Every structure is written in structure tokens, then in C-alpha cells.
Amino acid sequence: MGLILLLLFLWIMWKLFKLSFWLLGVLITIALIVFTVKVLVIPGIILIFLIFAGRIFTN
């Protein structure tokens, strides 16, 4: 009986271990997307807005 419980416990731990790697991959993907938006997209939008604002206010 103890061997069956040990195998069941090891199987559950293995599934949780694999799930934790999957969850880590998802979190890294989300972090990279957020980083890309913060570093590239938002400054790009601000730069485009400033270019258009400069053209409007200098004419």
C-alpha cells in the first residue's frame, strides 16, 4: 500500500512540476509582451504624436 501511495505522490508531483514549467512559460511570454509595449509601442506613439503636434503648431 505504501508503494502505491508513493507512486501516486510522485506522479502528482511530476504533473505539478510540468505545470509549473508551462505556467513559467506563460508568465515569461506575458512579461515580454508587456515589456515590448512599454519600451517600444508607447514611446513610438508619443513620438508620432509629438511630430504631428510640431507640424501643427509650427505652421
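Residues numbered from 1 in each chain as written. Predicted model: local features only at pLDDT ≥ 70, side-chain atom pairs only at ≥ 80, totals over all residues. Heavy atoms only, no water.

1. Here we look at the overall build of the protein
Applicable threshold: Counting from the N terminus, the helices are DSSP H or I runs at least four residues long and the strands are E runs at least two residues long. Between the two quantities, the radius of gyration covers C-alpha atoms and the globule rule is 2.2 Å times the number of residues to the power 0.38. Three exposure classes are used, based on accessible area relative to the maximum for each residue type with a 1.4 Å probe and protein chains only: buried under 20%, partly exposed in between, and exposed over 50%. Here the accessible surface of atoms and residues is derived via Shrake-Rupley with a 1.4 Å probe, and residues count as covered only by protein chains that are part of the display.
The helix and strand inventory of the protein stands at one helix and zero strands. Relative to the 2.2 N^0.38 estimate, which gives 10 Å for 59 residues, the radius of gyration of the protein is 25 Å and therefore markedly larger than a compact globule would have. The C-alpha extent of the protein, read off along each of the three principal axes, is 85 × 10 × 5 Å. Within the protein, the fraction of its 59 residues that count as buried is 2%. Of the roughly 5,600 Å² that the protein leaves accessible, carbon and sulfur atoms contribute 86%.

2. Some words on the packing of aromatic side chains
Convention followed: In summary, the pairing rule links any two rings of Phe, Tyr or Trp, Trp by its six-membered ring, whose centres are within 6.5 Å, and it sorts them by plane angle into stacked for under 30 degrees, edge-to-face for over 60 and tilted for everything else.
Taken as a whole and judged by the stated rule, the model has two aromatic pairs. Ring plane angle 80 degrees and centroid distance 4.7 Å describe the contact between Phe-17 and Phe-21, whose orientation is recorded as edge-to-face. Of this pair, Phe-17 and Phe-21 both sit in helix α1 (residues 2–58), separated by four residues, roughly a single helical turn. Judged by relative accessible area, which is 42%, Phe-17 ranks as partly exposed. Ring pairing ties together the aromatic residues Trp-14, Phe-17 and Phe-21, which thus form one cluster.

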